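Analysis of the macromolecular model
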Amino acid sequence: QVRLVESGGGLVQAGGSLRLSCADSGSATSINVMAWYRQPPGEQREFVAAVTPGGSTDYPDSVKGRFTISRDNAQNTVYLQMNSLKPEDTAVYYCAADPWVRLGERLAHRYHYWGQGTQVTVSS
């Protein structure tokens with residue numbers, strides 16, 4: 001079974017940085033696209049970034065140029081480096097994986113495997 005565990009969330013001031021990690025402790029997921037989503041309070045889960053096993057990436061305009069997703073296939077781990085954080089980045093951040101999702105697919109319900117989430121709070 002795929003088991004995704006996120007870490008690295010916390011409280012940071014606007015303009016600061018955080019680095020999130022997500023490890024698959026349950027099985028090998030090298031064939032899967034892995035992604036990050038976030039869910040602000042009272043809002044739907046939204047796409048943040050995705051990466052293929054080969055390292056191709058996808059970002060929405062809201063984070064492009066500030067966030068960087070990367071992946072270590074050998075360690076079954078995906079990272080999200082978040083720079084120039086803004087208060088509107090405050091959300092629970094979730095790691096996701098799926099064996100069939102293609103890069104460019106951004107709908108959360110297409111992903112079948114999810115972590116428990118890690119809170120990121122950006123103060124103004």
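Everything in this summary refers to the structure shown in the same document. Bear in mind the structure is a predicted one, so any value in this text is a computation, not a measurement.

Glancing now at the sheet that holds strand S8 (residues 77-82). With antiparallel pairing, four strands are arranged side by side in an open sheet as S1-S3-S8-S7. Whereas interior strands pair on both sides, the edge strands pair on one side only; in this sheet they are strand S1 (4-7) and strand S7 (67-72). Recorded for the sheet is a direction-independent mean angle of 15 degrees between the axes of neighbouring strands. The sheet contact formed by strand S3 (residues 18-24) and S8 spans six bridges and is antiparallel. In the strand pairing of S8, Cys22 is matched with Val78.

Moving on, we come to the packing of aromatic side chains. What the rule picks out here adds up to five aromatic pairs. Here Tyr37 and Phe47 contribute two aromatic rings whose centre-to-centre distance is 5.6 Å and whose plane-to-plane angle is 75 degrees, an arrangement assigned as edge-to-face. Of the two residues, Tyr37 sits in strand S4 (residues 33-39) while Phe47 sits in strand S5 (residues 46-51), which places them 10 residues apart along the sequence. Of the two residues, Tyr37 and Phe47, neither departs from the other in class, the shared state being buried. Judged by centre distance (6.4 Å) and plane angle (80 degrees), the ring pair of Tyr94 and Trp114 falls under edge-to-face.

Here we come to unusual backbone geometry. Backbone geometry places Asn76, a non-glycine residue, at a positive phi of 50 degrees. In this structure, Asn76 sits in the loop between S7 and S8. Of note, Ser84 is a non-glycine position whose phi angle comes to about 50 degrees, a positive value. Counting through the fold element by element, Ser84 comes out in the loop between S8 and strand S9 (91-98).

Let us look at the environment of Gln1. Positionally, Gln1 belongs in the segment before S1. Separated by 58 residues in the primary sequence, Gln1 and Tyr59 place their C-alpha atoms 28 Å from one another.

Following the sequence through the fold, Glu6 ends up in strand S1. Buried Glu6, no salt bridge; nearest opposite-charge side chain is Arg45, N-O distance 7.4 Å. A distance of 2.7 Å separates a polar side-chain atom of Glu6 from the backbone nitrogen of Cys95. A polar atom in the side chain of Glu6 sits 2.9 Å from the backbone nitrogen of Gln116. Not counting chain neighbours up to four residues away, the residues in contact with Glu6 comprise Ser21, Cys22, Trp36, Tyr93, Tyr94, Cys95, Gly115, Gln116, Gly117 and Thr118.

Here we come to the pattern of salt bridges. For the coordinates displayed, the defined rule picks out five salt bridges. Arg38 is the partner of Glu46 in a salt bridge, and the nearest nitrogen-oxygen pair spans 2.7 Å. Accessibility expressed as a relative area gives 28% for Glu46, which makes it partly exposed. Asp89 is the partner of Arg66 in a salt bridge, and the nearest nitrogen-oxygen pair spans 2.7 Å. One end of the pair, Arg66, is in the loop between strand S6 (57-58) and S7; the other, Asp89, is in the loop between S8 and S9, and 23 residues separate them in sequence. For Asp89, a relative accessible area of 1% puts it in the buried group. Through salt bridges with shared partners, one network takes in Arg38, Glu46, Arg66 and Asp89.

Reading the values: the criteria
- Residues numbered from 1 in each chain as written.
- Predicted model: local features only at pLDDT ≥ 70, side-chain atom pairs only at ≥ 80, totals over all residues.
- Heavy atoms only, no water.
- Pairing = 2+ DSSP bridges.
- Helix = DSSP H or I, 4+ residues; strand = E, 2+ residues; numbered from the N terminus.
- Axes fitted to C-alpha atoms, helices over the stretch in contact; angles between N-to-C directions.
- Phe/Tyr/Trp six-rings, centres within 6.5 Å; stacked < 30°, edge-to-face > 60°.
- Buried < 20%, exposed > 50% of the residue type's maximum accessible area, 1.4 Å probe, protein only.
- Lys, Arg positive; Asp, Glu negative; His and termini not counted.
- Salt bridge = Lys/Arg side-chain N within 4 Å of Asp/Glu carboxyl O.
- Polar contact = N/O pair within 3.5 Å; in protein donor to acceptor, adjacent residues only side chain to side chain.
- Contact = heavy atoms within 4.5 Å.

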